[in-house]
Amino acid sequence: MNVRRNRSTVLWCGVALFLCGGTAFMIALTHFRLAHLLCRMWATFGVMVIGVCLCMAIVLKRDYLSSTHAVLMSFFCVGILEMVCALLQLVSLFPIINPYYHFTGSFDNPAVFAMFMSFCLPIGMYFTARSTAISRLVWGVSTFCIGSFLILSASRTGILAGMCSAFIMWMPKFGVIKDYWFNRKRIVLLWVALALLIGVLYFCKQDSADGRLLAWRVSANMIADRPFLGWGNNGFDAFYMPYQADYFMRNPESSFLLLADNLSHPFNEFLWFAVQYGIAGLILLLLMLGWILKNVFKSCDKRKKLWISLYSVLVVWGMFSYPFHIPFVWLVIAYLLSVSLFPVFLRLHFVKQLMFCALFMAFLWLVPIFISYKNEMDWVKVQEKALAGETLDMLPRYAELYEELKDNGAFLYNYGAELHFVGHYDEALKILQECVCKYSDYNVQMLMASCYQHLGQPQMAIEKYRYANRMVPNRFLPLYHEMQIYRENGDSVNACEVARTIINKPVKIKKSAAVKRIIQEANECLNHYTE
């Protein structure tokens, strides 16, 4: 019996390390888009494996939760590897994917590294509390190191998530939590501590926090216009930046002018969900989350506090970032749901038939997903060759892929950019006009403006440059191109007016060489026409 249990533990450890480690370290590949695609594919495969294991355990009435320790240990081991990777990056012994940061682990952003660490922290605390002697020392030191790197990442959301999960892990048993909750002194102390923590985290990076406030305000405007059903699957990508442009057109003196950026997410998963699927979709999501947490609270699982702690990490990140879009988080969510709902499924009638139907529907759902991944893989290969200088040769392949990926806004933008690069401006405009229905941002508007400029339609080009400038008002490039169009057409009055706007414009990044060059040319333009 012990041999069988040991084999099962080793098997689960191996599977968890294979899936989680692959998802985490796949992103370290040199080709950025290929790495992200492979990471998503790997995570999708991992979610499928978790689902199949859950269904088999329910059908065969096996103890699915017996593997929990092995899975959690494997996840924590991947966290240790990430920490070692970050340590080697700090001493310049391991390459950093994003050179703008001191360390990122195997990820391209320290925030994602912090996200991984914040999930590892409560796991480490759980095993520290349940180990003895030397094992407790090892777990304790490892957990302390995880917490230290979480703080060093300077991720405010990561620190907040870590503190919330630690607070839950240090709580007394949930059976006596009501005594704590209804104690006035503790309630006041808790809220004061939370307010102070949020204040400190806000003022640490106030500009970044204010940038999120802008994204939330604009997203709220989108929800207000389509409150019930939302804007659909591509709603945020297609309409957020136009809404941001409209916001700055109505608020030209806004304090957010220097903080605006080209966004593809509002840094709040619940807001993003409401934009996409409306208040009805958000309520459904919150009800589902509440039902899951209710079942976790009611369960007799000894790991109840750990599950609540991990859910709290997920919720905190969901309020201030984009965890649902990070592949390794898909595995975390899938596993959390499986261990939370396993006892619930066991109590259902006709559970075997239900599981077989679920597996059948899942496989049907996976077919189009993997076809989509195959098409994206072909696109990555074509894009790589185009970047290597074979754009003309790749245009027929782009035309073939268009039939399969015409609903993918990022593909349409890339296709339009390649057509623009080889001078096929009419075709590029046609593709980009399709693109704005699914993916409309600053870069798309700039590319369309350039097409109009090359086609000898200066007025249309100016309109697009101005629209791009309203989307992200702190950018100098749209004004620069507008000034150049006026100069080429001999319009000295408008050229000087735009030049003055450039010279008087507040600079977001003081050390930017490109901005300095644009301001210098604006001065030269002004001097030329005023002498």
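For the structure itself, look to the data block above.
The paragraphs below set out a description of the structure included in this document. On a predicted model such as this, the values are computed, not experimentally measured, just so you know.

## A few points about a nonpolar patch on the surface
Then, number 1: There is a patch of nonpolar side chains on the surface, built from Val84, Leu87, Leu88, Leu90, Val91, Leu93 and Phe94 and spanning about 600 Å² of accessible area.
Then, number 2: Looking at the secondary structure, you find leucine 90 in helix α3 (residues 68-90).

## Quick notes on the packing of helix α9 (residues 206-225) against helix α10 (residues 235-250)
Then, number 1: It is at 9 Å that the axes of α9 and α10 come closest, and there the two elements cross at 105°. Accordingly, the angle class assigned to the pair α9 and α10 is roughly perpendicular. Of α10, the residues touching α9 (which contributes Leu214, Ala215, Arg217, Val218, Ser219, Asn221, Met222 and Asp225) are Gly235, Phe236, Phe239, Tyr240, Tyr243, Gln244, Tyr247, Phe248 and Arg250.

## Some points on the nonpolar core
Then, number 1: Judged by nonpolar contacts, the single largest core of 74 residues is most densely connected at Leu214, Tyr240, Tyr398, Phe411, Tyr415, Met483 and Ile502.
Then, number 2: For this core, the element with the highest residue contribution is helix α14 (residues 351-405), accounting for 9 residues.

## Overview of the packing of aromatic side chains
Then, number 1: With the rule as written, the count across this model stands at 27 aromatic pairs.
Then, number 2: Centroid distance tyrosine 126 to phenylalanine 127: 5.2 Å. Interplanar angle 80°. Geometry classified as edge-to-face.
Then, number 3: On the basis of relative accessibility, which here comes to 3%, the residue tyrosine 126 falls in the buried class.
Then, number 4: What makes phenylalanine 127 buried here is its relative accessible area of 4%.
Then, number 5: By way of ring pairs, the aromatic residues Phe75, Phe107, Phe116, Phe119 and Phe328 are connected into one cluster.
Then, number 6: The ring centre of tryptophan 231 lies 4.1 Å from the NZ or CZ of arginine 226, which sits over that ring.

## Topic: the side chain of serine 155
Then, number 1: Its place among the elements puts serine 155 in the loop between α5 (133-152) and α6 (156-170).
Then, number 2: Serine 155 gets classed as buried once you look at its relative accessible area, which sits at 9%.
Then, number 3: With residues near it in sequence (within four places) discarded, serine 155 still touches Ala111, Ala114 and Trp317.

## Brief notes about the side chain of serine 74
Then, number 1: Looking at the element boundaries, serine 74 is found in helix α3.
Then, number 2: A polar side-chain atom of serine 74 sits 2.9 Å from the main-chain carbonyl oxygen of alanine 70.
Then, number 3: Non-local contacts of serine 74, meaning those with residues more than four positions away in its chain, are made with Cys13, Ala16 and Leu17.

## Remarks on unusual backbone geometry
Then, number 1: A positive phi angle is found at serine 92, which is not glycine, with a value near 60°.
Then, number 2: Mapped onto the elements of the fold, serine 92 is located in the loop between α3 and α4 (110-129).

## Here we look at the pattern of salt bridges
Then, number 1: All told, the structure shown has 7 salt bridges when counted by the stated rule.
Then, number 2: Salt-bridge contacts for arginine 250 lead to aspartate 246; the nearest nitrogen and oxygen are separated by 3.0 Å. Placement of the pair is arginine 250 and aspartate 246 together in helix α10, with a separation of 4 residues, close to one helical turn.
Then, number 3: With relative accessibility at 29%, the residue aspartate 246 sits in the partly exposed group.
Then, number 4: A salt bridge links arginine 475 to aspartate 261, with the shortest nitrogen-to-oxygen separation between them at 3.0 Å. Here arginine 475, found in the loop between α18 (458-471) and α19 (477-488), pairs with aspartate 261, found in the loop between α10 and α11 (269-298); they are 214 residues apart in sequence, far enough to count as distant.
Then, number 5: Exposure remark for aspartate 261: the relative accessible area of 33% places this residue in the partly exposed category.

## Examining the packing of α18 against α19
Then, number 1: Axis separation between α18 and α19 bottoms out at 9 Å; the angle between their running directions is 160°. Relative to α19, the element α18 is oriented roughly antiparallel. α19 is crossed by α18, and the crossing has left-handed handedness. Residues Pro458, Ala461, Ile462, Tyr465, Arg466, Ala468 and Asn469 of α18 pack against Pro478, Leu479, His481, Glu482, Ile485 and Tyr486 of α19.
Then, number 2: Taken together, the residues that form the contact of α18 with α19 break down as 9 nonpolar, 2 polar and 2 charged.

## A look at α10
Side chains of residues three or four places apart in an α-helix project in the same direction, reflecting 3.6 residues per turn.
Then, number 1: With 16 residues, α10 should cover 22 Å at 1.5 Å per step; its first-to-last C-alpha distance of 22 Å lies within 8% of that length.
Then, number 2: Of all the residues in α10, the buried ones are Gly235, Phe236, Ala238, Tyr240, Met241, Pro242, Tyr243, Gln244, Ala245, Tyr247 and Phe248.
Then, number 3: As for α10, its buried residues are in contact with α9, α11 and α18.

## Points about the environment of leucine 293
Then, number 1: Of note, leucine 293 is situated in helix α11.
Then, number 2: Judged by its relative accessible area of 22%, leucine 293 falls in the partly exposed class.
Then, number 3: Taking the C-alpha atoms as reference points, leucine 293 and serine 340, 47 residues apart in sequence, are found 8.2 Å from one another.
Then, number 4: Excluding residues that lie within four positions of it along the chain, leucine 293 makes contacts with Ile308 and Tyr311.

Parameters at a glance
- Residues numbered from 1 in each chain as written.
- Predicted model: local features only at pLDDT ≥ 70, side-chain atom pairs only at ≥ 80, totals over all residues.
- Heavy atoms only, no water.
- Patch = residues over 30% accessible without salt bridge, like charges linked within 9 Å, V, L, I, M, F, W, Y side chains within 5 Å.
- Areas by Shrake-Rupley, 256 points an atom, 1.4 Å probe, with all protein chains shown as cover.
- Salt bridge = Lys/Arg side-chain N within 4 Å of Asp/Glu carboxyl O.
- Helix = DSSP H or I, 4+ residues; strand = E, 2+ residues; numbered from the N terminus.
- Axes fitted to C-alpha atoms, helices over the stretch in contact; angles between N-to-C directions.
- Parallel < 35°, antiparallel > 145°, perpendicular 65-115°, else oblique.
- Contact = heavy atoms within 4.5 Å.
- Core = buried A, V, L, I, M, F, W, Y, C linked by side-chain atoms within 4.5 Å.
- Buried < 20%, exposed > 50% of the residue type's maximum accessible area, 1.4 Å probe, protein only.
- Phe/Tyr/Trp six-rings, centres within 6.5 Å; stacked < 30°, edge-to-face > 60°.
- Lys NZ or Arg CZ within 6 Å of the ring centre and 35° of its normal.
- Polar contact = N/O pair within 3.5 Å; in protein donor to acceptor, adjacent residues only side chain to side chain.
- Left-handed = near helix turned anticlockwise from the far one by under 90°.
- Nonpolar A, V, L, I, M, F, W, Y, C, P; charged D, E, K, R; others polar.
- Expected span 1.5 Å × (residues − 1).

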